[in-house]
Amino acid sequence: MGHACFRLAGTMVFVAYIAIAWGMGHILDLHEAVAGIAAFLGFSAAWIGVVGFSLLNFRTRRILSIVLDQAVFAFALYEAGDVLAPVIWAPVVMAVGNGLRNGPRYARLSSVIGGACVGVALGLSPHWQAGKLVTEGIVLSILVLPWYTLKLSEQIAQAKREMQQRAARFESASRTDSLTGLMNRAGFFQCLQKQLHDAGRSGARSAVMLLDLDGFKAVNDVGGHGMGDEVLKHIANRLHDCVEANDRVARLGGDEFGIVVSDASDLTELERLAQSIVETIAAVHVHGQGDLRIGASVGICLLPDDGCRDESSVMETADRLMYQAKKSGKNRYCINPH
Ligand SMILES: Nc1nc2c(ncn2[C@@H]2O[C@H](COP(=O)(O)OP(=O)(O)OP(=O)(O)O)[C@@H](O)[C@H]2O)c(=O)[nH]1
């Protein structure tokens, strides 16, 4: 309704302008001036009924308001002649406005109706017939300019969409590890930041795990880098299978992985998850390499923790605990005191 009021105000100003111009043009013929003003007031009453009070269904209302807009302008041009020269571009603007608001179909409809109405009005007017070329130019502009403007605006919108999609792809690539498809370090830190923020507000317990593979170097040394890459991808999939849908897994670099466990309210459950991760990795078989085995040392930082209020202090704690797990024999997890 706000928009209808805006259009209504615009039309009233337009009608007032025509009425005054007409009145001045017929200053010596008061009777005709009053008749003209009455005709425009009649139009605005019809317009208020159609658009302002929503008397008809949406689509019919739109089409009818296009016909009324364009027809009344053509009629005014026919009657008022040069007085309306300053607003000769009005049908083009109406068609472009209709297109931008309601879609290209309405722009085409508006320009065809506008071109036809103005063409007929100018063709019948002895005044405009005198300048035939100008008349043809006006009609041609009404038919061509809205189409051209809308085409341009469609192309700009399409280019904007493509740029946004490309930016989103770059953004996603900058947070993804290209080998495993997991989040990379940057993505993990972003995720950790959000987790700390949410945990700070809700006070709910969550956890951050830092996992470093044990004995991974030997896989590369024996099976080559290609084999090492396959093992990293396999481990990424297994870790992803171990956690809940709300948890996030990342490869932080080399043979180091990070996990944000969003709900660690049940400590037994969290320790069970850590143990199952250690066992899952210990069970990974490096194909064709005899009894070459790998393992994982895991450091777990429980949150909230007064000493871990930002990402770097959380990572430092998890890193310290991970090294503690390595030092105490590898293939195990260590958790901060709680
Ligand atoms: N295949 C492969 N290897 C990598 C990649 N990034 C790092 N590495 C290798 O991973 C190994 C990691 O080194 P370490 O953590 O010291 O090896 P580790 O045998 O697991 O040592 P511990 O952690 O002490 O058990 C190095 O040999 C790196 O070259 C990668 O993207 N692909």
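Below you will find a few notes about this structure. None of the values given here were measured: they were computed from a predicted structure.

Quick notes on the rules
- Residues numbered from 1 in each chain as written.
- Predicted model: local features only at pLDDT ≥ 70, side-chain atom pairs only at ≥ 80, totals over all residues.
- Heavy atoms only, no water.
- Salt bridge = Lys/Arg side-chain N within 4 Å of Asp/Glu carboxyl O.
- Buried < 20%, exposed > 50% of the residue type's maximum accessible area, 1.4 Å probe, protein only.
- Helix = DSSP H or I, 4+ residues; strand = E, 2+ residues; numbered from the N terminus.
- Near = heavy atom within 4 Å.
- Nonpolar A, V, L, I, M, F, W, Y, C, P; charged D, E, K, R; others polar.
- Pairing = 2+ DSSP bridges.
- Axes fitted to C-alpha atoms, helices over the stretch in contact; angles between N-to-C directions.
- Contact = heavy atoms within 4.5 Å.
- Patch = residues over 30% accessible without salt bridge, like charges linked within 9 Å, V, L, I, M, F, W, Y side chains within 5 Å.
- Areas by Shrake-Rupley, 256 points an atom, 1.4 Å probe, with all protein chains shown as cover.
- Polar contact = N/O pair within 3.5 Å; in protein donor to acceptor, adjacent residues only side chain to side chain.
- Expected span 1.5 Å × (residues − 1).

## A short note on the pattern of salt bridges
Here comes step 1: Scanning the entire structure with this criterion turns up 10 salt bridges.
Here comes step 2: For Glu-171, the salt bridge is made with Arg-175, and the minimal N-O distance between the two is 3.2 Å.
Here comes step 3: Accessibility expressed as a relative area gives 27% for Arg-175, which makes it partly exposed.
Here comes step 4: A salt bridge links Asp-198 to Lys-194; the shortest N-O distance between them is 3.0 Å. With Asp-198 and Lys-194 both in helix α8 (residues 185–202), this residue pair falls four residues apart, about one helical turn.
Here comes step 5: You can call Asp-198 partly exposed: its relative accessible area is 30%.
Here comes step 6: Using a relative accessible area of 53% as the deciding quantity, one classes Lys-194 as exposed.
Here comes step 7: The network of salt bridges with shared partners includes Asp-212, Asp-214 and Lys-326.

## Notes on the site of the ligand
Here comes step 1: Lining the immediate environment of the ligand, one finds 16 residues, of which Gly-215, Lys-217, Asn-220, Asp-229 and Arg-251 sit closest.
Here comes step 2: Listed by contribution, the elements that provide at least two residues to the shell around the ligand are β1 (206–214) and α9 (216–242).
Here comes step 3: For the shell around the ligand, the element with the highest residue contribution is α9, accounting for seven residues.
Here comes step 4: Looking at side-chain class alone, the shell around the ligand contains three nonpolar, five polar and eight charged residues.

## Considerations on the sheet that holds strand β5 (residues 333–335)
Here comes step 1: The five strands are arranged β2-β3-β1-β4-β5 in an open sheet whose pairing can be described as mixed. Sheet topology places β2 (248–253) and β5 at the edges, where each strand pairs with a single neighbour. Taken pair by pair, the neighbouring strands of this sheet meet at an average axis angle of 20 degrees, ignoring direction.
Here comes step 2: Where strand β4 (residues 295–303) lies against β5, three bridges are found, and the strand directions are parallel. Each residue of the ladder has a partner; that of Ile-300, found in β5, is Ile-335.
Here comes step 3: Strands in contact with helix α11 (residues 311–327) are β1, β2, β3 (256–261), β4 and β5; relative to β4, the strand with the most contacts, it is inclined by about 140 degrees.

## Brief notes about a nonpolar patch on the surface
Here comes step 1: A surface patch of nonpolar side chains, about 870 Å² in accessible area, is lined by Val-112, Leu-140, Leu-143, Val-144, Leu-145, Trp-147, Tyr-148, Leu-152 and Ile-156.
Here comes step 2: Take the nonpolar patch: its biggest share by element is eight residues, from helix α7 (residues 132–174).
Here comes step 3: Residue placement: Trp-147 occurs in helix α7.

## Focus on the environment of Ser-206
Here comes step 1: As for its position among the elements, Ser-206 is in strand β1.
Here comes step 2: Judged by relative accessible area, Ser-206 falls into the buried class, the value being 0%.
Here comes step 3: In this structure the C-alpha to C-alpha distance between Ser-206 and Val-261, which are 55 residues apart in sequence, comes to 5.7 Å.
Here comes step 4: The contacts of Ser-206, once residues within four sequence positions are left out, are Gln-195, Ala-199, Val-261, Ser-262, Ala-264, Cys-301, Leu-302 and Leu-303.
Here comes step 5: Within polar-contact distance, the side chain of Ser-206 engages the side chain of Gln-195 at 3.3 Å.

## Here's the deal with α8
Here comes step 1: Here α8 contains 18 residues, and its C-alpha end-to-end distance of 25 Å stays within 8% of the 26 Å for a straight helix at 1.5 Å per residue.
Here comes step 2: Within α8 the residues assigned to the buried category are Gly-187, Phe-188, Cys-191, Leu-192, Gln-195, Leu-196 and Ala-199.
Here comes step 3: Taken together, the buried residues of α8 touch β1, β2, β3, β4 and α11.
Here comes step 4: By the N-cap criterion, in which a side-chain oxygen at the helix start approaches the backbone nitrogen of a residue two or three places on, α8 is capped by Asn-184, the distance to Ala-186 being 3.1 Å.
Here comes step 5: Immediately beyond the C-terminal end of α8, within one or two residues, lies Gly-203, with a positive phi of roughly 80 degrees.

## Considering the environment of Glu-279
Here comes step 1: The topology assignment puts Glu-279 in helix α10 (residues 267–282).
Here comes step 2: For Glu-279, a relative accessible area of 48% puts it in the partly exposed group.
Here comes step 3: Between the alpha carbons of Glu-279 and Ala-296 there is a distance of 8.6 Å; along the sequence they are 17 residues apart.

## Some details on the pairing of β1
Here comes step 1: For β1, the tally of buried residues reaches nine of nine residues, placing the bulk of the element in the interior.
Here comes step 2: In the sheet, β1 pairs with β4 via nine bridges, with the strands oriented antiparallel. Paired with Ser-206 across the strands is Leu-303, a residue of β4.

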